[in-house]
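Coordinate inspection notes
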There are 2 protein chains.
Amino acid sequence: MLEQPTLTFGEYTLVYNMLSFAIAAMIFSGLFFVLARDRVAPKYRISLVVSTLVVGIAAYHYLRIFNSWEAAYMITDAGNYIASGKPFNDAYRYIDWLLTVPLLVVELVLVIGLAKDKQSSMLTKLVIAAFLMILLGYPGEILMADSMFSMRGLWGLLSTIPFIYIVYILWVELGTAMEGQSGQVQVLFRNIRLLLLATWGFYPIVYMAPFFGWTGAESEIAIQVGYSIADVLAKAGYGVMIYAIARAKSEAEGYEVGQSAVSA
Amino acid sequence: MLEQPTLTFGEYTLVYNMLSFAIAAMIFSGLFFVLARDRVAPKYRISLVVSTLVVGIAAYHYLRIFNSWEAAYMITDAGNYIASGKPFNDAYRYIDWLLTVPLLVVELVLVIGLAKDKQSSMLTKLVIAAFLMILLGYPGEILMADSMFSMRGLWGLLSTIPFIYIVYILWVELGTAMEGQSGQVQVLFRNIRLLLLATWGFYPIVYMAPFFGWTGAESEIAIQVGYSIADVLAKAGYGVMIYAIARAKSEAEGYEVGQSAVSA
């Protein structure tokens, strides 16, 4: 259980509003994926279904985090926020990631539309790696440490191995598979890979924050705000890019919006 | 943190009822956009999808504002409402606008149906301008000031630049693009632009309220009631007009309600 630093009105409210922003972003990007489903050819709709699950799961966990944040603090007469005695439960994030991170790699592989057998083996490898990445990070997350050379550092290192493996698969193996695609789809694919690297890269930085002595109110705020933005980009923003890829491929294949069925 | 003035029973209840009215307007206009989607040709449905997201996001934030209003006051034995100690969180409005204002310009551009490349450049320009407009307004909003020549005034001025740019694009550039359209569509388009100008024009007035010494209970009530009405018109009313444009264009193009596919 972490110490909860005293927060100013502005600090508390910033996190409060960012958590609320994340809830709204997740719910309504999900609504978009449902309503816009018939704008992509039937074979790409499964990616939008998976996107919907990802942001739905994230919305659920952000609601829990929001409620926990609200319960963990109480306002003083001076207008500051102090710990209420109820701990702030941040572990919701790990449960969320355990479910959503494997799904994020699934939606990307599905939208690319590889041959059936290649797709299955790619999915198996990536899902196992994503799962291991989160699982190995957790034991370190709950250990406090002020040095890289600690148990927290060791678990973090172990968790980095599957992360590097995922990056390798996406850049090398999937990169090769993309060569036959149209220019527009290749650009979109390059952008989504960069979004994934940039947003996923934020999590290990937060993980290492205690090593750099980043503790107290300011770090707590930076971590909560940073996670919220990274999650919105990595889930809702990522889903919109998956939609853009699916839409571009559907158009290239001659699919017209509103067709109830298409041979493609 | 703003001082919360003591309110009479009637003042408190007026805001309470207006916030509830806004929630109902947003939810059920959204339901209309979903249910009436197949009354417009497939290529215009994306505008109705975006309308649904806008009012959905607004409904979410009005629910939060409503709850915050309820928690921020308590009734006295004399029947007045005094601050409960929990601050009234109005910042939800900014988060709402940050998400919905860009979407409002998107739905208008999409329903006009420009050529693909022209549409992309128009969307990029308008979305960035809308985003900047909200972002630049926020730092001033949280600063109190009783003069135009203050930091609040400066941020407000900066925020006005993208606003003027948006008005310019809608009147000049989009105006030209409308010339080939039918008379009915042109009238609808003129009306929706006026609605946009009239409703969006309300926000800077509220922003400047402290400069005119409008503080205390009466201003608080006027601001909350005014925002609620402006938001209902600018989101739900605007969405209905977008629907009317989409419907008129669908009819003009020979689309019949319930057709599952159309060549257009």
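Calculation criteria
- Residues numbered from 1 in each chain as written.
- Chains lettered and ligands numbered in written order.
- Predicted model: local features only at pLDDT ≥ 70, side-chain atom pairs only at ≥ 80, totals over all residues.
- Heavy atoms only, no water.
- Helix = DSSP H or I, 4+ residues; strand = E, 2+ residues; numbered from the N terminus.
- Rg over C-alpha atoms; globule rule 2.2 N^0.38 Å.
- Phe/Tyr/Trp six-rings, centres within 6.5 Å; stacked < 30°, edge-to-face > 60°.
- Buried < 20%, exposed > 50% of the residue type's maximum accessible area, 1.4 Å probe, protein only.
- Contact = heavy atoms within 4.5 Å.
- Buried area = accessible area lost by both parts, 1.4 Å probe.
- Salt bridge = Lys/Arg side-chain N within 4 Å of Asp/Glu carboxyl O.
- Polar contact = N/O pair within 3.5 Å; in protein donor to acceptor, adjacent residues only side chain to side chain.
- Nonpolar A, V, L, I, M, F, W, Y, C, P; charged D, E, K, R; others polar.
- UniProt positions renumbered as here; feature names shortened; annotations may be inferred.
- Axes fitted to C-alpha atoms, helices over the stretch in contact; angles between N-to-C directions.
- Parallel < 35°, antiparallel > 145°, perpendicular 65-115°, else oblique.
- Left-handed = near helix turned anticlockwise from the far one by under 90°.
- Patch = residues over 30% accessible without salt bridge, like charges linked within 9 Å, V, L, I, M, F, W, Y side chains within 5 Å.
- Areas by Shrake-Rupley, 256 points an atom, 1.4 Å probe, with all protein chains shown as cover.
- Least-squares fit on C-alpha atoms with pLDDT ≥ 70 in both.
- Expected span 1.5 Å × (residues − 1).
- Core = buried A, V, L, I, M, F, W, Y, C linked by side-chain atoms within 4.5 Å.

To continue, consider the overall build of chain A. Helices and strands together make up the secondary structure of chain A, namely eight helices and two strands. Counted from the first residue to the last, chain A has its helices and strands arranged as α-α-β-β-α-α-α-α-α-α. Radius of gyration (C-alpha) of chain A: 20 Å, near the 18 Å computed for a compact globule of 264 residues. Each principal axis of the C-alpha atoms in chain A carries an extent, and together these give about 65 × 40 × 25 Å.

Moving on to the packing of aromatic side chains. Residues and elements named next belong to chain B. Per the stated rule, a full pass over the model turns up 35 aromatic pairs over all chains. Each ring, one from Tyr-12 and one from Tyr-81, has its centre 3.7 Å from the other, and the planes form 10 degrees; the classification is stacked. Of the two residues, Tyr-12 is situated in helix H1 (residues 9–35) and Tyr-81 in strand S2 (residues 81–83); the sequence distance between them amounts to 69 residues. The same class applies to Tyr-12 as to Tyr-81, namely buried.

Chain B puts 25 residues into the contact, and the matching count from chain A is 23 residues. Here chain B meets chain A over a buried area of about 2,200 Å², counting both sides, of which 66% is carbon and sulfur. At the junction of chain B and chain A, the tally comes to one salt bridge. For the salt bridge of Glu-251 of chain A with Lys-116 of chain B, the shortest nitrogen-to-oxygen distance reads 3.0 Å. Our count for the chain B to chain A interface comes out at five residue pairs in polar contact (both at pLDDT 80 or more). Mapped by element, the contributors of at least two residues to the side of chain B that touches chain A are helix H2 (45–72) and helix H3 (92–112) of chain B. The greatest single-element share of the side of chain B that touches chain A, amounting to nine residues, is contributed by H2 of chain B. Residue composition of the side of chain B that touches chain A, by class: 15 nonpolar, seven polar and three charged.

Time to look at the UniProt feature "transmembrane region" (unreviewed entry) in chain A. Residues and elements named next belong to chain A. Annotation from UniProt places "transmembrane region" (unreviewed entry) at residues 14–34, 46–63, 94–115, 122–140, 152–171, 192–213 and 225–246. For residues 122–140, the helix share is 100%, the strand share is 0%, and the end-to-end C-alpha distance is 28 Å. With 73% helix and 0% strand, residues 192–213 has end C-alpha atoms that lie 33 Å from one another.

Running from amino to carboxyl end, helix H1 (residues 9–35) of chain A crosses H2 of chain B at an angle of 150 degrees, the nearest separation of the two axes being 10 Å. Classified by the angle their axes make, H1 of chain A and H2 of chain B are roughly antiparallel. Every pair of crossing elements has a handedness; the one defined by H1 of chain A and H2 of chain B is right-handed. Each of Ser-20, Ile-23, Ala-24, Phe-28, Leu-31, Phe-32 and Leu-35 of chain A in H1 of chain A lies in contact with H2 of chain B, whose residues at this interface are Ile-46, Val-49, Thr-52, Leu-53, Gly-56, Ile-57, Tyr-60, His-61 and Arg-64 of chain B. Tallied by class, the residues present in the contact of H1 of chain A with H2 of chain B amount to 11 nonpolar, four polar and one charged.

Take a nonpolar patch on the surface next. A surface patch of nonpolar side chains, amounting to about 750 Å² of accessible area, comprises Tyr-138, Ile-142, Leu-143, Met-151, Leu-154, Leu-157, Leu-158 and Ile-161 of chain A. If one sorts the elements of the nonpolar patch by residue count, helix H5 (residues 151–177) of chain A sits on top with five residues.

Rotating chain B by 73 degrees about the axis while translating it 0.4 Å along that axis superimposes it on chain A, leaving an RMSD of 0.1 Å. The relationship between the two copies is best expressed as a five-fold rotation axis.

Now for H5 of chain A. All names here are of chain A. Its 27 residues place the ends of H5 39 Å apart at the C-alpha level, agreeing with the 39 Å of an ideal helix rising 1.5 Å per residue. Turning to H5, its buried residues number three or more, namely Arg-152, Gly-153, Gly-156, Ser-159, Pro-162, Phe-163, Ile-166, Ile-169, Leu-170, Leu-174 and Gly-175. Along its buried surface, H5 packs onto helix H3 (92–112), helix H4 (116–141), helix H6 (183–200) and helix H7 (202–208).

This part takes up the nonpolar core. In a soluble, globular protein the nonpolar side chains are often hidden away together inside. Residues Trp-69, Ile-166 and Trp-200 of chain A together with Leu-108, Ile-166 and Trp-200 of chain B are the most contacted members of the largest nonpolar core, which totals 176 residues. Apart from the residues lying within four places of it in its own chain, the contact partners of Trp-69 of chain A are Leu-7, Tyr-12, Val-15, Tyr-16, Leu-19, Phe-88, Glu-220 and Gln-224 of chain A.

All names here are of chain A. Two numbers describe how H3 lies on helix H8 (residues 216–252): the axes approach to 10 Å, and their chain directions differ by 20 degrees. In terms of orientation, H3 lies roughly parallel with respect to H8. Crossing angle aside, the handedness with which H3 passes H8 is left-handed. Of the residues in H8, those touching H3 at Arg-93, Asp-96, Trp-97, Thr-100, Leu-104, Glu-107, Leu-108, Val-111 and Ile-112 are Gln-224, Tyr-227, Ser-228, Asp-231, Ala-234, Lys-235, Tyr-238, Gly-239, Ile-242, Ile-245, Ala-246 and Lys-249.

Glancing now at the pattern of salt bridges. Applying the stated criterion across every chain yields a total of 15 salt bridges over all chains. Across the salt bridge formed by Glu-173 of chain A and Lys-125 of chain A, the nearest N and O atoms sit 3.4 Å from each other. Highlighted residues: Glu-173 of chain A in helix H5 and Lys-125 of chain A in helix H4, separated in sequence by 48 residues. By relative accessible area, Glu-173 of chain A is classed as partly exposed at 24%. Of the residues examined, Lys-125 of chain A reaches a relative accessible area of 28% and is grouped as partly exposed. Where Lys-43 of chain B meets Glu-253 of chain B, a salt bridge forms, and the shortest distance between an N and an O atom there is 3.7 Å. With a gap of 210 residues between them, Lys-43 of chain B in the loop between H1 and H2 and Glu-253 of chain B in the segment after helix H8 (216–252) connect regions that are remote in the sequence. Each of Arg-93, Asp-96, Asp-231 and Lys-235 of chain A takes part in a single network of salt bridges with overlapping partners.

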